[in-house]
Amino acid sequence: MVDNRSERLILEMRHITKIFPGVKALDDVNLAVRAGEIHAICGENGAGKSTLMKVLSGVYPHGTYKGDILFEEEKMNFSSVRDSEKYGIVIIHQELALIPQLSIAENMFMGNEFRRNRAIDWHETRIQAMKYMAEVGLEENPDTLIKDIGIGKQQLVEIAKALAKKVKLLILDEPTAALNEEESAHLLNLMRKQRERGVSMIMISHKLNEIAEVADAVTVIRDGQTVGWMDTKEGKLDQDEIIRLMVGRSLENRYPERTPHIGEVKFEVS
Ligand SMILES: Nc1ncnc2c1ncn2[C@@H]1O[C@H](COP(=O)(O)OP(=O)(O)OP(=O)(O)O)[C@@H](O)[C@H]1O
Ligand SMILES: [Mg+2]
């Protein structure tokens, strides 16, 4: 892999604590993402991964959590998702948020419509939609309704939509969970391509093989706490180590202890 990453941090989340009634979802979590990298976040179900990304993107606004968010070295106090998007942070949720009855192009520019003489400029909308659809490899008519395309293509619409917003940090929450093998491979390639263009990404995933394939670094969260950080600079990510951190015990301990019995040598090759 060509390592053109910088050491500059695009994002730092410091001492993030988020409490829901009766649940401490995040307890003093730290996360550092370098500019231009794909940073994976791993952890078991309920560890706090999605909550951390909702804090980052303003779903849970400033004042509803403790701790600091530094984006491009500046302290951020986002009041909404729209607010974080102004800075170039775009989140694609675990549950896709497109409107089934609207077209690809309408979904892409909802809330950011092109206007001419105070009316929506549909010609420009289609041209711009096609430009970003080509960028993500989505071969469809921009007028096709979301309900008429599969989940893999819907995911591409979400990414095209993010690119249209001039995304700097793209957050993908379990992007391949509902995709088939071919769609997943396409998505991972697209992520690599966007990394080459300088887009930083945070990817939440349970699929360690995919993480090993594309991620430059991994942060592991367990029970609302950061328990580890790994980097590919020293070589491939160690999937066993990630699992060990996720579950909080070593893999060997998952099985009862056994004493191997090795008999005498019956056959030898020299
Ligand atoms: N809106 C909410 N209200 C109350 N509790 C919540 C809310 N959202 C999340 N939680 C709780 O916070 C904890 C962390 O949840 P979160 O969704 O962040 O986990 P996750 O790591 O994304 O899990 P998964 O892998 O299943 O998506 C869980 O105990 C969850 O039940
Ligand atoms: Mg989640």
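**Let's talk about unusual backbone geometry**
Moving on, step 1. Located in the positive-phi region is Asp 28, a residue other than glycine, with phi close to 65°.
Moving on, step 2. Residue position: Asp 28 is located in strand S2 (residues 23-34).
Moving on, step 3. With phi around 60°, Lys 166 is a residue other than glycine that occupies positive phi space.
Moving on, step 4. Tracing the backbone through its elements, the reader meets Lys 166 in the loop between helix H5 (151-164) and strand S9 (169-173).

**Structural notes on the site of ligand 1**
Moving on, step 1. Taken together, 15 residues surround ligand 1, and among them Asn 45, Gly 46, Lys 49, Ser 50 and Thr 51 come closest.
Moving on, step 2. Between ligand 1 and His 206 there is a distance of 3.1 Å, counted from an oxygen atom to a side-chain nitrogen or oxygen.
Moving on, step 3. Protein chains bury 64% of the 630 Å² of accessible surface belonging to ligand 1 in isolation.
Moving on, step 4. Going through the elements one at a time, S2 and helix H1 (49-57) are the ones with two or more residues in the shell around ligand 1.
Moving on, step 5. Ranked by residue count, the leading element in the shell around ligand 1 is H1, at three residues.

**Regarding the pairing of strand S3 (residues 38-42)**
Moving on, step 1. Most of S3 is tucked away, with five of its five residues classed as buried.
Moving on, step 2. Residues Ile 38, Ala 40 and Cys 42 line one face of S3 and the alternating positions His 39 and Ile 41 line the opposite face, and both faces are buried.
Moving on, step 3. As defined by bridge partners, S3 adjoins strand S10 (residues 200-204) across four bridges and the pair is classed as parallel. If you follow His 39 over to S10, its bridge partner there is Ile 202.
Moving on, step 4. Pairing of S3 with strand S11 (residues 217-222), which is carried by four bridges, proceeds in the parallel orientation. Within S11, the position partnered with Ala 40 by the bridge is Val 218.

**Some remarks on the packing of helix H4 (residues 122-136) against H5**
Moving on, step 1. Orientation of H4 relative to H5, taken along the N-to-C sense of each, is 120°, at an axis distance of 9 Å. The angle between H4 and H5 falls in the class oblique. For the pair H4 and H5, the crossing hand works out as right-handed. Judged by residue contacts, Tyr 132, Met 133, Glu 135 and Val 136 of H4 engage Leu 156, Ile 159, Ala 160, Leu 163 and Ala 164 from H5.
Moving on, step 2. Split by residue class, the contact of H4 with H5 holds eight nonpolar, no polar and one charged.

**Section: the coordination of the magnesium ion (ligand 2)**
Moving on, step 1. Donor atoms from the polypeptide that coordinate the magnesium ion (ligand 2) comprise Ser 50 (OG) and Gln 94 (OE1), at 2.0 to 2.5 Å from the metal. Of the two residues, Ser 50 is situated in helix H1 and Gln 94 in the loop between strand S6 (89-92) and helix H3 (104-108); the sequence distance between them amounts to 44 residues.
Moving on, step 2. On the accessibility criterion, Ser 50 (18% relative accessible area) is buried.

**Some remarks on H4**
Moving on, step 1. The first and last C-alpha atoms of H4 sit 21 Å apart over 15 residues, in line with the 21 Å expected at 1.5 Å per residue.
Moving on, step 2. For H4, the N-terminal cap is Asp 121; the gap from its side-chain oxygen to the backbone nitrogen of His 123 is 3.3 Å.
Moving on, step 3. Looking one or two residues past H4, Gly 137 carries a phi angle of roughly 75°, positive in sign.

Procedures and definitions
Residues numbered from 1 in each chain as written. Chains lettered and ligands numbered in written order. Predicted model: local features only at pLDDT ≥ 70, side-chain atom pairs only at ≥ 80, totals over all residues. Heavy atoms only, no water. Helix = DSSP H or I, 4+ residues; strand = E, 2+ residues; numbered from the N terminus. Near = heavy atom within 4 Å. Polar contact = N/O pair within 3.5 Å; in protein donor to acceptor, adjacent residues only side chain to side chain. Areas by Shrake-Rupley, 256 points an atom, 1.4 Å probe, with all protein chains shown as cover. Buried < 20%, exposed > 50% of the residue type's maximum accessible area, 1.4 Å probe, protein only. Pairing = 2+ DSSP bridges. Axes fitted to C-alpha atoms, helices over the stretch in contact; angles between N-to-C directions. Parallel < 35°, antiparallel > 145°, perpendicular 65-115°, else oblique. Left-handed = near helix turned anticlockwise from the far one by under 90°. Contact = heavy atoms within 4.5 Å. Nonpolar A, V, L, I, M, F, W, Y, C, P; charged D, E, K, R; others polar. Donors = N, O, S within 2.8 Å, 3.2 Å for Na, K, Ca; no water. Expected span 1.5 Å × (residues − 1).

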